[in-house]
Amino acid sequence: MKTLKIAIQKSGRLNEKSVEILKNCGLSFENYKSSLIATVANFPLEILFLRDDDIPEYVQDGIADLGIVGENVIIESGANVSYLQKLGFGKCTLKIAVPSTSTISDLQQLDGKAIATSYPVILEKYLKANGVDAQIRNISGSVEIGPGLGLSDAIFDIVSTGGTLKSNGLKPFKNVMDSEAVLIAGNGMELNEEVQELLQRIQSVLRAKATKYVVLNVEKSNLQAVVDLLPGVKSPTIVPLFEEGWVAVHSVIAEQDFWEKINNLKAAGAQGIVVMPIEKIIT
Ligand code: PRT
Ligand code: ZN
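Note that the structure is a prediction, hence the values are computed from the model and not measured.

Novice: What's the story with the packing of aromatic side chains in this structure? I'm lost.
Specialist: For the structure shown, the criterion picks out one aromatic pair. Relative to W259, the ring of F258 lies with its centre 4.9 Å away and its plane at 80°, an arrangement referred to as edge-to-face. Judged by relative accessible area, W259 falls into the exposed class, the value being 62%. The ring of F29 carries K23 above its face, with NZ or CZ at 4.6 Å from the centroid.

The structure is reproduced here in structure tokens:
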């Protein structure tokens with residue numbers, strides 16, 4: 001059986017979550033800071049620890065079969081790879097930002113202006129698509145100091161909380177693309193049994209993460225109203241309580257509308273609501 005190789009970031013913002021998702025898939029491996037490669041003990045897989053910028057090319061060229069990397073890095077690299085699964089972490093937005101005192105209100109006002117960025121390919125495509133003729137200053141780091149140093153009139157960079165922009169006297173002007181970590185494979189690569197198995201495990205971990213397990217008690221007269229609020233994986237499980245006229249309802253609810261759902265359940269008559277994390281959902 002061929003051993004698969006997956007490339008993940010060695011250190012940086014995506015490293016910890018990439019390791020975590022693989023470990024949650026039941027893969028057993030050592031994660032020493034110094035190692036460049038780790039062998040998984042209980043699955044035919046090797047993990048390569050790389051700089052994120054190298055991952056798309058490694059996957060494109062077949063040196064690694066799979067990779068976990070930000071969409072921004074993939075698009076910037078121009079590598080020919082296919083997305084297998086969005087992973088829900090490393091979320092950010094690439095934005096054009098201008099000094100907070102700037103009166104710029106229209107994209108065309110960037111004509112003839114200089115924009116500093118580490119993502120010249122994405123920026124150039126965006127400017128071209130919008131008919132803006134700006135000068136791109138390609139710098140490799142600390143892009144946010146560009147306007148302060150007189151190097152550029154605007155910047156194009158990754159933003160997550162917006163704190164870095166603010167502390168450098170900048171404000172967001174245009175959102176260009178959203179990004180998150182994705183699982184990639186070489187374009188046209190055969191998705192063999194091992195890849196499918198790994199993908200299924202990743203998807204079951206993601207599904208579990210997006211949901212909570214809920215157990216609640218309700219009087220039978222309020223049961224329908226409570227059940228109407230709960231989809232469950234298939235449908236809720238109803239278990240009679242020892243006390244006549246009462247049942248316990250077991251279900252899963254989505255993390256994203258969790259608090260709203262809980263409040264609605266309480267209003268519908270649910271009591272003693274217990275919420276638990278789910279490890280995996282296998283469908
Ligand atoms: O060493 P290596 O080359 O592997 O790593 P790196 O230094 O190039 O990348 P790293 O670890 O900083 O980021 C890896 C990936 O995380 C990026 O390619 C994005 O896909 C994703 N990501 C998510 C982010 C951010 N959020 C983020 N906030 N990458 C960078 N930032 C930086 C941004 O450049 C800016 O300086 O954080 C600052 C802005 O953050 P806020 O919260 O102040 O807005
Ligand atoms: Zn990098």
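Novice: Explanation requested: the environment of I6 in the structure shown.
Specialist: Structurally, I6 is set in strand β1 (residues 4-9). Dropping the residues within four chain positions of it, I6 is found in contact with L22, L45, E46, I47, L48, L66, G67, I68 and L183.

Novice: When you look at the nonpolar core in this model, what are you seeing that I'm missing?
Specialist: Here is a general trend for soluble globular proteins: nonpolar side chains tend to be buried in one another's company. Ranked by size, the top nonpolar core spans 30 residues in total, and within it I6, L27, L45, I47, I68, L87 and L183 carry the most contacts. When contributions to this core are tallied by element, the ones reaching two or more residues are β1, α1 (15-24), β3 (45-50), β4 (66-70), β11 (181-186) and α7 (193-209). The leading source of residues in this core is α7, at six residues. Ignoring sequence-local partners within four residues, the contact set of I68 consists of I6, A7, I8, Q9, S18, I21, I55, L87, F89, A181, V182 and L183. One finds I96, L107, L127 and M177 within the second-largest nonpolar core, a separate group that totals 19 residues.

Novice: Any chance you could explain the site of ligand 1 here in plain terms?
Specialist: As a structural note, the neighbourhood of ligand 1 is formed by 23 residues, with R51, N72, T161, G162 and T164 the closest of them. Here an oxygen atom of ligand 1 sits 2.7 Å away from a polar atom, N or O, in the side chain of R51. Separating an oxygen atom of ligand 1 from a side-chain N or O atom of N72 is a distance of 2.7 Å. Protein coverage of the free-state accessible area of ligand 1, which is 840 Å², stands at 78%. Of all the secondary-structure elements, those providing two or more residues to the shell around ligand 1 are α3 (71-77), β9 (154-159) and α6 (163-167). If you tally residues by element for the shell around ligand 1, the top one is β9, at three residues. Classifying every residue of the shell around ligand 1 gives six nonpolar, 11 polar and six charged. Each of domain 1 (4-90 + 180-208) and domain 2 (92-179) contributes no fewer than three residues to the shell around ligand 1.

Here is what the cut-offs are and how they apply
- Residues numbered from 1 in each chain as written.
- Chains lettered and ligands numbered in written order.
- Predicted model: local features only at pLDDT ≥ 70, side-chain atom pairs only at ≥ 80, totals over all residues.
- Heavy atoms only, no water.
- Phe/Tyr/Trp six-rings, centres within 6.5 Å; stacked < 30°, edge-to-face > 60°.
- Buried < 20%, exposed > 50% of the residue type's maximum accessible area, 1.4 Å probe, protein only.
- Lys NZ or Arg CZ within 6 Å of the ring centre and 35° of its normal.
- Helix = DSSP H or I, 4+ residues; strand = E, 2+ residues; numbered from the N terminus.
- Contact = heavy atoms within 4.5 Å.
- Core = buried A, V, L, I, M, F, W, Y, C linked by side-chain atoms within 4.5 Å.
- Near = heavy atom within 4 Å.
- Polar contact = N/O pair within 3.5 Å; in protein donor to acceptor, adjacent residues only side chain to side chain.
- Areas by Shrake-Rupley, 256 points an atom, 1.4 Å probe, with all protein chains shown as cover.
- Nonpolar A, V, L, I, M, F, W, Y, C, P; charged D, E, K, R; others polar.
- Domains from an automatic or database assignment.

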